[in-house]
Structure formats: C-alpha cells, structure tokens
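# Structural overview
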Amino acid sequence: MPKNNAPLIQTVKLCKSYFNDELETPVLFDMDLTINEGEFVSIMGPSGSGKSTLMHILGFLDGPTSGKFLFKGEQTMQMNDDELARIRATRVSFVFQAFNLLPRTTVLDNVMLPLLYHPSIPASERRDRSLNAIESVGLTDRADFFTNQLSGGQQQRVAIARSLVTDPDIIFADEPTGNLDSTSGNQVMEVLQKMHTDDNRTIILVTHEHETAMHAERIIHLTDGRIDSDTTNFKRARASKAKSLNK
Amino acid sequence: MLLSDTIQTAYKAIIVHRMRSLLTMLGIIIGVGSVILMVSVGRTFENYILDQVETFSNNLIEVYPTGFEKFGRTTDSLTFEDAEAIANLTTVENVAPVIFIREKVQYGTEELSPLIFGSTSVFLGNYGLKLDKGRLIDESDEKSARSVAVIGSEAANTLFGNRDPIGERIRIGSRFYTVVGVLQSLGSALLQDMDTVVTVPFSTARAITGKHQLDYMSMTSKGDDDLALADIQSTLRQRHGIDNPEEDPDKDDFIARSSAQATEIIGQVTLGLTIFLGLIAGISLLVGGIGIMNIMLVAVTERTREIGLRKALGARRKDILLQFLIEAVTLTLIGGVIGIIGGVGFGLLITAVADKLLGSVSFSLSLSALLLSFAMAMTIGLVFGLYPAKKAANLRPIEAIRWDR
C-alpha cells in the first residue's frame, strides 16, 4: 500500500546487470537512494558510471535486476506491463538527449502525444493543456510547425513541453543539453529551472557537465555503479529557499 | 487509449511515413494485380479457344490422311470409296468428303483467298453453318458437277459489298461459278474465320483438281463418338490393309478425331498456358511480397524507436499492437483493392483489344486467383507489419528507444 508520507523514490540495494550471452556485466551495485517530492537532483558521473541506467530504472524505462524500488511507497518490481504503462503515462516523464520527437509531425501533435495514452485526462482538455505547455516553454508561435523545422534548442523545449503536459510527479532529463550549443543549452536549463522554482516540480537531471549539474540543489556523483558522493548544492538550495520564503 | 485515438494515430503514422506506405502498397498492388491479370487473361483465352471448338456440333468427327499432320508421309490415303464405306456404317451420318481448291476468288476487282471446300450437301450442316439467302448445293448440282458456289457472309461482304450476290458469277482460278446461296454469320471457330468460306459441289472440285484422293472428310456420330471412331478406324484399317490391333497411331495412315477430343487437347494446351501465366504471376506475387518484407524490415529500426518512445510516454503493449494492426490492415486493404481494380482493369483492356482483333472474346475473372492473391498479400502485410511491432512492444522502452540494428 502506498503511504502518504513515503518518499517519492526509494531504492534499497538496487542492482542492475546487463546480460550478453550469459556474460554478466554489472552496472549498478547496491544502490540505496531516496528522493523526495520537490527536489531538483543532478546525477553526475563519467560515462559508464551507470548514471543513465539508474535514471532509466527510476523512470520505469528499464527494470532492475535485484533489490527494491519503491515509488511513493509502492513496490514496483512485480508490476505488469499495463501497470508500468500507467505509471509512465501519469507519474513520470522524460526529456531525452536526442529529443525523440516524432518527425514530420507538428509541435502540437508531439506535445499532445502523451495525453493519448493518459487514462484519465479527457480528450476535450488535450488541446488546451498542450497549448498551455507549449506556451510555458515559449513556443506558442511554433505550435503548428513540424518539429524537424525547428532548431535543436526549440526541439528540446518541445520535448520539455511534452514532459509537462501530463502534469507528472517527476520529470527526468537525460543529458538535455548534450546535443545543443551553449546558448540553446542555457535556454533549456532556464526552462527546467523555472519549472522547479515556479511550480515546485521534482526534476532528476543526468549530466556529465558540471555547469549544467549546478542548476540542481542536490548533486549525486556516481563512479563505477556506486554512489560516490551525495551533496547539497548550497548556492541553489539557498536561492530556492529564499524564493519560497518570499512567496 | 481510445480506439478512435488509435485509429487516428495509425492513419497519422501512415501519412507521416508516406513513402514507406506507398512502397508497401505498391508491393501489394503489383502482387495482387499481376496474379489477377495473368490468371484472368489466361482463362479468358482458354475460354475463347474452347468456345471456338465448341462452336461445332458436339458430335462432329473429322478424318484426315496422316500426312495432313506429318510432313513427308503420304497425304493421299483417303479416297472417295473410303468415304462411301464409312457412310455405310450405322454409327455415323452426314459423311462429307472434302477436296480443297487452292485458288483465289475474284469478283470484278475484289479478290479473296478463302478456304474453298469442295464437298457434298451435308458438309455445311456438320459445322453448324446455316443458309441466309438463296439455296444450298443440292443433289442435282452434285450429279451434274455444276459450277455453283455457296459463300460465307463475310466473303459476300468483301466481294459484293451491299449488292445481292445471288446469281452473280465469281471466278475461282480460271473458272466462273454462280453464287446460289449466302450463309449466316457464325463468327470464327477453331481460330478459322468461318464466314469467309466458299463451298462448291464435291464432284465439281474433283473434276477441276483431277484428284481422286480426299483432303479430309467430316461427319457426325449418331450419338456415341467412341463407338463411331472405333467403327471408322476398323473400316479404314481393313480397307487399307493395316494390321493394328494395338491401336498405335503411328501405324495408321489416317487420323480420326472427334471434336470432343479436339476440345480436350486444346483445353489441355490452354490450361497449360493458364498455369504458365499463373506461375509467372505467382513469381510477381513473391517478388511483391519480398518487396513488402524488405520495406517493413528496413523500417523496423526506425519504428522500434518510435514504439520505444510511445511506450516511454505511457503506451500499453496493446495500444502499440492495435495501432500497427490498423496500419497494416489499412495498407494491405488499400493496396489489395487497388491491385484488384488494376488487375481487372488491365484484364478488361486486354480483352477489349483482343475482342476487336479476334471477335467474341469475353473477360473471364478468376475469383480463386483474386481471393488467393489477396489473402497472400494480406498475410504478408500483416505478418511483416505486426511481427516486428510485437517484438518491439515486448522490449523495455529504453531498449526499444536505443534500438540500433
């Protein structure tokens, strides 16, 4: 049973291995991690450290090999495909490094896509919700453009709008600035930052760039599949706290 | 996910990937269309040729000297006496000995090279040829070897135009003949235009060619073709001194054949043609099918990533499968229907052209080819549309998104 005071995400001795012809390649070892609602967390580490794998497991795109993964206090290991699909549709959303938008499809249709799979948002609300999400990333004038007519930065903002449209509990961002120049990257990070500070959204960001990671209030370092350090980014945390006090 | 959303999603996907959709449909169109076209055209011509044979009365029997078919052997084995002997048999009637006159027919400046039959009064009836105007060749023409002729409707048309041919004199070789009758139009039979025939009395033909031997004879059986053929064969073998109890056709110096047998032989030939065309069509169906497989397999990588994305956004396995099912069914249905329309359309076109050239060709659609090719195309489309989708839908979203094979 989900508990009301349970953390959003809790893992206990979470392990992940990949198997290739009986050959086991361990990626994550005994990961104990708790993330609460409203946090903005960066997961950092060199490539091969397991940061993306961890994020995919936490975002229900991949399954762990062993250990426990509780989402809002609910065990997720035994969930079937439909239950997992429901969580993906309603609770979590993703911003990918490669944008992963549908080509030759309009911005509006791309942003609306998750709503097609959402079990409870009525069809009549789809358009307004999508336009609101597009507005919040500043692309209202591009709503009827095909995504392949947009710049990389704009495409990533479409992806962010898509991740907002279902009003999920967590937004995962996997190297969201990795394919962008620094100006577009900064714009994208500003949008993400705003989502956190203004709407108090929980954001988990995977990156290997220090500067990008510094947008978060909490920074977790992974090395070789283990948590190396888990620290508070005081500069951001204070700013965020000050802002919430001002309100 | 609502069904209406799934349908819309599927149609959007078809339109977004319009090139791939078109190529998939093209494979189905070509496969289905060619099978229907080939098999239907084959059957159309089979029917046409069988019609040609069946135009003759059903119990027509023809007897040829062997050399008629085999070069280098005697062609003079049949005599008028043979015909008289056969006429005495109880199993046959309407025995008509035939001598061809190989000459041109002229009237004024018009000229024609028809088949000129010298035969008796029963000859025309054996082939279902009926009189339109004037009279037939009768016994007294035969007895006196008169120079009279009965001509086919087309021959009359060519030689006389709108004028009445009865009583006019035509020239055959160096002699003049009076036209006494014109036949009704019959169309073509055995690929021979029966409306251009010219017939003269047998005795006249014999007199001017000086031949004692027959080119062939025609008759009808009194009901049982096999009995009649057996009688004819034993009579002729006896008269020609041929000892052939084992019925080896090589030993005989004649061939006796009923129109039913001819129909059967021709039917076998045209069936062979249909099978051959069907085989070619089958190959094009296969090629079309391989085309579909190719396109779908090439699309797998891209589509697997799309499926991964949709799953990441919350699509259930059945949402994915239903979408791909609708896509595949739509493409194969549209392709199949266009293929059917195209195949039948081209078939009708070819038939229309053939009808102009040959006459009395009517299109015969092969329903079994239609259904079979459609079912095949449908199966290929569905299997190769759904199988990769099913595999992808069973992957974890991240595996599908990162698919790169």
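### As for the sheet that holds strand S6 (residues 92-95) of chain A
All names here are of chain A. Within the open sheet, the six strands sit side by side as S6-S7-S8-S3-S9-S10. Their pairing is mixed. The sheet terminates laterally at S6 and strand S10 (226-232), the two strands that pair on one side only. Across the sheet, the mean angle from the axis of one strand to that of its neighbour is 20°, orientation sign disregarded. When strand S3 (residues 40-44) meets strand S9 (residues 218-223), the two strands line up parallel, connected through four bridges. Bridging from a neighbouring strand, isoleucine 43 pairs with isoleucine 220 of S9. With respect to the sheet, helix H1 (residues 51-58) is in contact with S3, S6, strand S7 (170-174), strand S8 (202-206) and S9, its orientation differing from that of S7 by roughly 155°. Across the sheet, helix H6 (residues 182-199) touches S3, S7 and S8, and the angle it forms with S8 is around 150°.

### Overview of the packing of aromatic side chains
All names here are of chain A. Using the criterion set out here, one finds eleven aromatic pairs over all chains in the structure. A ring pair is formed by phenylalanine 60 and phenylalanine 71, whose centres lie 5.4 Å apart and whose planes are at 75°; its orientation type is edge-to-face. Of this pair, phenylalanine 60 sits in the loop between H1 and strand S4 (66-71) while phenylalanine 71 is found in strand S4, placing the two residues eleven residues apart along the sequence. Classification of phenylalanine 60 by relative accessible area gives buried; the value is 3%.

### Quick notes on the side chain of B:Asp215
Residue and element names in this part refer to chain B. Residue position: aspartate 215 is located in the loop between helix H7 (202-209) and strand S13 (216-221). According to the relative accessible area criterion, aspartate 215 is buried, its value standing at 12%. At 2.7 Å, the side chain of aspartate 215 and the backbone nitrogen of phenylalanine 100 are in polar contact.

### Brief notes about the interface of chain A and chain B
Listed as interface residues are 26 residues of chain A and, on the opposing side, 26 residues of chain B. Taken together, chain A and chain B are joined by six salt bridges. Counting across the chain A and chain B interface gives seven residue pairs in polar contact (both at pLDDT 80 or more). Among the elements that take part in the side of chain A that touches chain B, helix H2 (residues 81-90) of chain A stands out by supplying five residues, more than any other.

### Thoughts on unusual backbone geometry
Excluding glycine, residues mostly have negative phi values, and the peptide bonds linking residues are mostly trans. All names here are of chain A. A positive phi angle, close to 35°, is found at aspartate 30, a residue other than glycine. Relative to the helices and strands, aspartate 30 is located in strand S2 (residues 23-35). Even without glycine at this site, lysine 72 takes up a positive phi of about 50°. Given a relative accessible area of 24%, lysine 72 falls into the partly exposed group.

### Some details on helix H5 (residues 152-164) of chain A
Residue and element names in this part refer to chain A. For H5, which comprises 13 residues, the first-to-last C-alpha distance of 19 Å matches the rise-based estimate of 18 Å (1.5 Å per residue) to within 8%. Among the 13 residues in H5, twelve count as buried, and that is most of the element. Listed in full, the buried residues belonging to H5 are Gly153, Gln154, Gln155, Gln156, Arg157, Val158, Ala159, Ile160, Ala161, Arg162, Ser163 and Leu164.

### Thoughts on the pattern of salt bridges
Any two side chains of opposite charge can pair if their charged atoms end up close together. For the coordinates displayed, the defined rule picks out 28 salt bridges over all chains. In this structure, A:Asp81 and B:Arg317 form a salt bridge, with 3.7 Å as the shortest nitrogen-oxygen distance. Remark: B:Arg317 occurs in helix H10 (residues 317-358) and A:Asp81 occurs in helix H2; the pair is interchain, linking two chains. A residue is classified by how much of its surface remains accessible, and A:Asp81, at 15% relative accessible area, is buried. Relative accessible area serves as the criterion here: at 34%, B:Arg317 is assigned to the partly exposed category. The residue A:Arg201 makes a salt bridge to A:Asp167 at a minimum N-O spacing of 3.1 Å. Here the residue A:Arg201 occupies a position in the loop between H6 and S8, and A:Asp167 occupies one in the loop between H5 and S7, the gap between them amounting to 34 residues. Relative accessible area serves as the criterion here: at 16%, A:Arg201 is assigned to the buried category. Residue A:Asp167 is classed as partly exposed on the basis of its relative accessible area of 47%. Each of the salt bridges in this network shares a partner with another, and the network as a whole consists of B:Arg135, B:Asp138, B:Asp141 and B:Arg146.

### Brief notes about the domain arrangement of chain B
Once the domains are mapped, chain B shows domain 1 (3-54 + 265-401) and domain 2 (78-252). Each of domain 1 of chain B and domain 2 of chain B has a C-alpha centre, and these two points are 54 Å apart.

### Some details on the nonpolar core
Burial of nonpolar side chains together is a common tendency in soluble globular proteins. Among the nonpolar cores identified, the biggest contains 46 residues, and A:Ile9, A:Leu54, A:Phe69 and A:Phe172 are the most heavily contacted of them. Broken down by element, the residue count for this core peaks at five residues, all from S2(A). For A:Ile9, the residues in contact, after removing those within four places along its chain, are A:Leu33, A:Thr34, A:Ile35, A:Leu58, A:Phe69, A:Leu70, A:Phe71, A:Ile170, A:Phe172 and A:Ile204. Counting 39 residues, the second largest nonpolar core, distinct from the first, contains B:Leu78, B:Leu112, B:Ile151 and B:Phe202.

### Looking at empty space enclosed by the protein
Residues and elements named next belong to chain B. Counting across every chain of the model gives three cavities of 30 Å³ or more. Estimated volume of the largest cavity: approximately 240 Å³. Around the largest cavity, the lining comprises 22 residues; the ones closest to its centre are Arg20, Met296, Arg303, Phe324 and Glu327. Elements supplying a minimum of two residues to the lining of the largest cavity: helix H1 (3-16), helix H2 (18-54), helix H9 (259-312), H10 and helix H11 (367-394). Ranked by the residues each element gives to the lining of the largest cavity, the list is headed by H9, at seven residues. When the residues that make up the lining of the largest cavity are grouped by side-chain class, the tally is 14 nonpolar, five polar and three charged.

### Looking at the sheet that holds strand S5 (residues 74-75) of chain A
All names here are of chain A. The four strands lie next to each other as S2-S1-S4-S5, forming an open sheet whose pairing is antiparallel. In the strand order of this sheet, the two ends are held by S2 and S5, each with one partner. In the sheet, S4 pairs with S5 via two bridges, with the strands oriented antiparallel. Residue pairing in the sheet places leucine 70 in a bridge with glutamine 75 of S5.

What counts, and at which threshold
- Residues numbered from 1 in each chain as written.
- Chains lettered and ligands numbered in written order.
- Predicted model: local features only at pLDDT ≥ 70, side-chain atom pairs only at ≥ 80, totals over all residues.
- Heavy atoms only, no water.
- Pairing = 2+ DSSP bridges.
- Helix = DSSP H or I, 4+ residues; strand = E, 2+ residues; numbered from the N terminus.
- Axes fitted to C-alpha atoms, helices over the stretch in contact; angles between N-to-C directions.
- Contact = heavy atoms within 4.5 Å.
- Phe/Tyr/Trp six-rings, centres within 6.5 Å; stacked < 30°, edge-to-face > 60°.
- Buried < 20%, exposed > 50% of the residue type's maximum accessible area, 1.4 Å probe, protein only.
- Polar contact = N/O pair within 3.5 Å; in protein donor to acceptor, adjacent residues only side chain to side chain.
- Salt bridge = Lys/Arg side-chain N within 4 Å of Asp/Glu carboxyl O.
- Expected span 1.5 Å × (residues − 1).
- Domains from an automatic or database assignment.
- Core = buried A, V, L, I, M, F, W, Y, C linked by side-chain atoms within 4.5 Å.
- 1 Å grid on protein atoms, 1.4 Å probe; cavity = no way out; pocket = protein on both sides within 12 Å on 5 of 7 lines; lining within 4 Å.
- Points joined across faces, edges and corners; volume = space filled by probe spheres on them.
- Nonpolar A, V, L, I, M, F, W, Y, C, P; charged D, E, K, R; others polar.

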